[in-house]
Amino acid sequence: LYAMVLVLGMIVIFDDLRRRSLFNVAIFFGNVAAVLRMYWGMDKYVLWCGVAIVLNYLLRQGILNDEAFAILSPMMHISSWLLLLGSCYLKHG
């Protein structure tokens, strides 16, 4: 039952992010959060409060809906994966 609730929640979140064209932004913030948490040991509560504040600001200012941001979004997605992979290599390499 718990697994079904998690899967349903992920489907709803994915659909919402896709409809609002925020999927790349979500991946970017998730990867950066993973690097900050795993590599630098940042407190998870401070981390997620910071992410919530930054995202709320970006959404309220309309920055995430800007046309220029739409061009940067895929680059943010790719660069955050490279950052995550590089930090994993440094940590375990």
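Source: prediction; values computed, not measured.

Among the nonpolar cores identified, the biggest contains seven residues, and these are L17, L22, V25, F29, V51, L58 and L64. Setting aside anything within four residues of it in sequence, one finds L58 in contact with F29, I63 and L64.

It is worth spelling out the side chain of S87 at this point. Within the fold, S87 resides in helix α4 (residues 67-92). Here S87 is in contact with V35 and Y39, once residues within four sequence places are set aside.

Relative to the assigned elements, S21 resides in the loop between α1 (2-19) and α2 (23-38). Sequence separation of S21 and S73 is 52 residues, and the distance between their C-alpha atoms is 9.4 Å.

This next bit is on the side chain of N31. With respect to the helices and strands, the residue N31 is situated in helix α2. A relative accessible area of 6% means that N31 is categorised as buried. If we ignore the near neighbours within four places in the chain, the residues touching N31 are H77, S80, W81 and L84.

Under the 1.5 Å per step criterion, the end-to-end length of helix α3 (residues 44-61) is 26 Å for 18 residues, consistent within 8% with the ideal 26 Å. Every buried residue of α3 is accounted for by L47, V51 and L58. Along the axis of α3, the buried residues cluster in a sector spanning 35°; they form a single face. Facing away from the buried side of α3 by over 90 degrees, the exposed positions are Y45, V46, I53 and R60. For α3, the secondary structure elements touched by its buried residues are α2.

Reading the values: the criteria
Residues numbered from 1 in each chain as written. Predicted model: local features only at pLDDT ≥ 70, side-chain atom pairs only at ≥ 80, totals over all residues. Heavy atoms only, no water. Core = buried A, V, L, I, M, F, W, Y, C linked by side-chain atoms within 4.5 Å. Buried < 20%, exposed > 50% of the residue type's maximum accessible area, 1.4 Å probe, protein only. Contact = heavy atoms within 4.5 Å. Helix = DSSP H or I, 4+ residues; strand = E, 2+ residues; numbered from the N terminus. Expected span 1.5 Å × (residues − 1). Arc of directions from axis to C-beta.

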